[in-house]
Amino acid sequence: MRIVMKPVFHPTKWPNFSKLKLAGSLAVALSLSTSAIAATEPSPPPAKPTPPVTGPAPTQTQTDTFHNEAALLPQDAITHHTGIFDKRKISYTAHTGTLTLRDAEGAPTARVFYVAYTQDGVDPAHRPVAYFFNGGPGAGTAYLHLGAAGPSILSFPNGNPADGANAQLTPNTESWLAAADLVFIDAPGTGWSIPTDAKKAAKAFYGVKQDAHAFAKAIQLWAQSNNRQISPRYLVGESYGGLRAIEVADALAQDQNILVNGILMISPALDMTLLDTANDILATSFVLPSLEASQLALQHKLTPENAAGRLDSAYHYAIGPFLSTLANTPLAGNAAQDFYEDVATHSGIPLETVAKERGMLQPEAHDVRSRNGRLYSLYDGTFSIADPFPEGVENGASPDPILDGFTRAYGSAFEQYAATSLNFRTPLSYSLLNMKVNEAWDYRDGGSPIVRPIPTLRRLLALNPTLRVFIANGYYDLVCPFASSRWVAEHIPVGRNRIALHTYPGGHMIYIRADSRAALAQDAKTFMTP
């Protein structure tokens, strides 16, 4: 994921994201780095059916001189592979390297890391290209790369999914490569994307608008250098990457004259105010159906046959009686007690806790997540570990079992994968979650205190009559709940019929569950198939 992390709003710095994994223009003239390398020795066999065959990248003259961390990134590497995807043998090329972003004077401002997988022997004009990025802000794209869509995935032990220490790289037979070429891009300051001047990085890249312009230019650079300007184009973003996908689609159109064919958003943050459960009762209402779905699943009462009906009923209770009660004059006496009992029944949260919160449950609160000696995750309301602080602790000191736990393995696994399968070796650590980037993020939009991407999405759908949108949510996600996506989609006046909503058993990182990963992959590939 990588993730839009759970927002915590502070009046002195609004908004600030402390637990997120979870989506003025920059006058930038950016260009592709000309670095390339001929692989000098074969890389060790990867976790794929066949080892990579390395070959020389085109030899070009490197004109830029980089310093500090930016100088520690190697030249580009090209490897050749075969794999079985959707029961078909596919030969493909992996190009791993960097794109150089530049300022208005042509000076480098960042080396943007990417991995591109392109199928061999097909017509590139008609082969779709999917551009991937995670969220956070501050998350690297290793989550989607090794979790969902790439040719290899990080598999966690059967029966013990929390065991990140023993996770293994394995072939991903459901890779999205079966339907499209894949380009995974790390945002500046995350993964192996390195700003050239750390002191200027925040102003240049760490904000909604700056970030969108940088991604749009990076995509244009890759498409131009690979002659893919007319290929069908899709953006894939997870968590904050959903908001990012909307903004990047707009920046591509306005800055680069590139129109996208589709936007795929996984567990998206579509509007940050709709995640602010501390200050917005609509956001509080959106969390309740996910709490209810989590409780039903833990009680083994949620089945494939009844899930749609159960989720629909939970949604209508949350935005109906529950929301209207919160918006009205606060209840007292027996009426308040009846309301709290209703909320406890729907949410599975103990009545005492519901009453203390006056029905407005804060999902990140330790006393909401801690029950019967177990600490439940914001990222999957059914997933828990033994509570290290059963007596209670400040919310900020309460770890998340998923974000702070086994998913950290994606970072070191990606370093191993890049070195052994992609022949890309660097002494730099892969920055899976960069909280400095997260804390520095600028959510403003000109004079507005916070960017509002929904009007941008409405405009994109109206201006591009063939633009299609795919939104995927997990039932048990308390960070970016499915109810938020549904509510937003239902209020789009133009192009609502081009927005496909999908829900799956799982949490914020839908793909952690093998069955849901397969279902998500199949739906996404169908969406991108011409």
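How each quantity is defined
Residues numbered from 1 in each chain as written. Predicted model: local features only at pLDDT ≥ 70, side-chain atom pairs only at ≥ 80, totals over all residues. Heavy atoms only, no water. Helix = DSSP H or I, 4+ residues; strand = E, 2+ residues; numbered from the N terminus. Expected span 1.5 Å × (residues − 1). Buried < 20%, exposed > 50% of the residue type's maximum accessible area, 1.4 Å probe, protein only. Axes fitted to C-alpha atoms, helices over the stretch in contact; angles between N-to-C directions. Parallel < 35°, antiparallel > 145°, perpendicular 65-115°, else oblique. Left-handed = near helix turned anticlockwise from the far one by under 90°. Contact = heavy atoms within 4.5 Å. Nonpolar A, V, L, I, M, F, W, Y, C, P; charged D, E, K, R; others polar. Polar contact = N/O pair within 3.5 Å; in protein donor to acceptor, adjacent residues only side chain to side chain. Pairing = 2+ DSSP bridges.

Focus: helix H3 (residues 208–225)
Since one α-helical turn is 3.6 residues long, residues separated by three or four positions face the same way.
Alright, step 1. Here H3 contains 18 residues, and its C-alpha end-to-end distance of 26 Å stays within 8% of the 26 Å for a straight helix at 1.5 Å per residue.
Alright, step 2. Of all 18 residues that make up H3, 16 are buried, and the element is covered over most of its length.
Alright, step 3. Of the residues trailing H3, Asn 227 is marked for its positive phi of about 55 degrees.

Description of the packing of helix H5 (residues 281–298) against helix H6 (residues 307–327)
Alright, step 1. Two numbers describe how H5 lies on H6: the axes approach to 9 Å, and their chain directions differ by 140 degrees. Judged on the interaxial angle alone, H6 and H5 are oblique. For H5 against H6, the interelement crossing comes out right-handed. Residues Ile 281, Leu 282, Thr 284, Ser 285, Phe 286, Leu 288, Pro 289, Glu 292, Ala 293 and Leu 296 of H5 form the contact with H6, whose participating residues are Arg 310, Leu 311, Ala 314, Tyr 315, Tyr 317, Ala 318, Ile 319, Phe 322, Leu 323, Leu 326 and Ala 327.

Section: the packing of H5 against helix H7 (residues 333–347)
Alright, step 1. Look at H5 against H7: their axes get within 7 Å of each other, and the N-to-C directions meet at 60 degrees. One finds that H5 runs oblique with respect to H7. Here Leu 288, Leu 291, Glu 292 and Gln 295 of H5 lie close against H7, whose contacting residues are Thr 345, His 346 and Ser 347.
Alright, step 2. In terms of residue class, the contact of H5 with H7 is built from two nonpolar, four polar and one charged.

Notes on unusual backbone geometry
Alright, step 1. A cis amide bond links Gly 136 to the next residue, Pro 137, at an omega of -10 degrees.
Alright, step 2. With respect to the helices and strands, Pro 137 occurs in the loop between strand S7 (129–133) and helix H1 (142–149).
Alright, step 3. If you check the backbone angles, Asn 68 has positive phi at about 55 degrees while not being a glycine.
Alright, step 4. Tracing the backbone shows Asn 68 in the loop between strand S3 (53–55) and strand S4 (77–85).
Alright, step 5. Of the residues examined, Asn 68 reaches a relative accessible area of 67% and is grouped as exposed.

Digging into the side chain of His 366
Alright, step 1. Relative to the elements of secondary structure, His 366 occurs in helix H9 (residues 366–369).
Alright, step 2. Side chain to side chain, His 366 and Ser 398 meet in a polar contact 2.7 Å long.
Alright, step 3. Every residue in contact with His 366, bar those within four places of it in the chain, is listed here: Leu 375, Asp 387, Phe 389, Gly 392, Val 393, Asn 395 and Ser 398.

Some points on the side chain of Ser 485
Alright, step 1. Relative to the assigned elements, Ser 485 resides in helix H13 (residues 482–490).
Alright, step 2. Within polar-contact distance, the side chain of Ser 485 engages the side chain of Asn 473 at 2.8 Å.
Alright, step 3. When neighbours within four sequence positions are excluded, Ser 485 is seen to be in contact with Pro 268, Leu 270, Ile 471, Asn 473 and Leu 501.

Things to note about the sheet that holds strand S14 (residues 370–371)
Alright, step 1. Spatially, S14-S15-S16 is the arrangement adopted by the three strands of the open sheet, whose pairing is antiparallel. Since the sheet does not close on itself, it has two edges, and those belong to S14 and strand S16 (384–386), each with one partner.
Alright, step 2. Examined bridge by bridge, S14 and strand S15 (residues 374–376) share two bridges and lie antiparallel to one another. Each bridged residue has a counterpart across the sheet, and for Arg 371 the counterpart in S15 is Arg 374.

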